[in-house]
Amino acid sequence: MAAEILTEDLLRISLQRLSREVVKTYPQFGELLAQNMLRTCGLIPDVERAARYRELGTLLTDLGRLYLAEADMLSTVDLPPT
């Protein structure tokens, strides 16, 4: 039980940090992350917690795709000759 609480606390802290960083480039995702994170707090049944984690995981996957696409675009920008 203690390990489960510790893991949830670490997840929550990581998501808080992530949402602060994300809001700099994708403000709409920062708000969604914060909302989804709050929905995982508290004493909720495991089935509901699983659904909320699934939503959060989908959101993080979509966000990751945006960052990967941005990285691809930036890496293909032609650099000026040196």
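The structure under discussion appears in the preceding block.
These lines cover the structure that appears in this document, whether it is placed above or below. Here the structure is a predicted model, which is why all the values come from computation and not from measurement.

Cut-offs and rules
- Residues numbered from 1 in each chain as written.
- Predicted model: local features only at pLDDT ≥ 70, side-chain atom pairs only at ≥ 80, totals over all residues.
- Heavy atoms only, no water.
- Helix = DSSP H or I, 4+ residues; strand = E, 2+ residues; numbered from the N terminus.
- Buried < 20%, exposed > 50% of the residue type's maximum accessible area, 1.4 Å probe, protein only.
- Contact = heavy atoms within 4.5 Å.
- Areas by Shrake-Rupley, 256 points an atom, 1.4 Å probe, with all protein chains shown as cover.
- Phe/Tyr/Trp six-rings, centres within 6.5 Å; stacked < 30°, edge-to-face > 60°.
- Expected span 1.5 Å × (residues − 1).

### Focus: the overall build of the protein
A tally of helices and strands in the protein yields 3 helices and 0 strands. Beginning at the N terminus, the succession of helices and strands in the protein can be written as α-α-α. Buried residues in the protein amount to 21% of all 82 residues. For the protein, the share of sequence-separated contacts (at least 6 apart) that also reach a separation of at least 24 residues comes to 53%. Just so you have it, the protein exposes about 6200 Å², and 64% of that area is on carbon and sulfur atoms.

### Here we look at the packing of aromatic side chains
Taken as a whole and assessed by the stated rule, the structure comprises 1 aromatic pair. Both rings, one in tyrosine 26 and one in tyrosine 67, keep their centres 5.2 Å apart while their planes meet at 85°; by these two values the pair is edge-to-face. Note that tyrosine 26 is positioned in the loop between α1 (2-25) and α2 (27-39) and tyrosine 67 in helix α3 (residues 46-75), a separation of 41 residues in sequence. On the basis of relative accessibility, which here comes to 15%, the residue tyrosine 26 falls in the buried class.

### Digging into α3
Between its first and last C-alpha atoms α3 spans 42 Å; for 30 residues at 1.5 Å apiece the expected length is 44 Å, and the two agree. Within the span of α3, buried status applies to Arg49, Leu56, Leu59 and Leu63.

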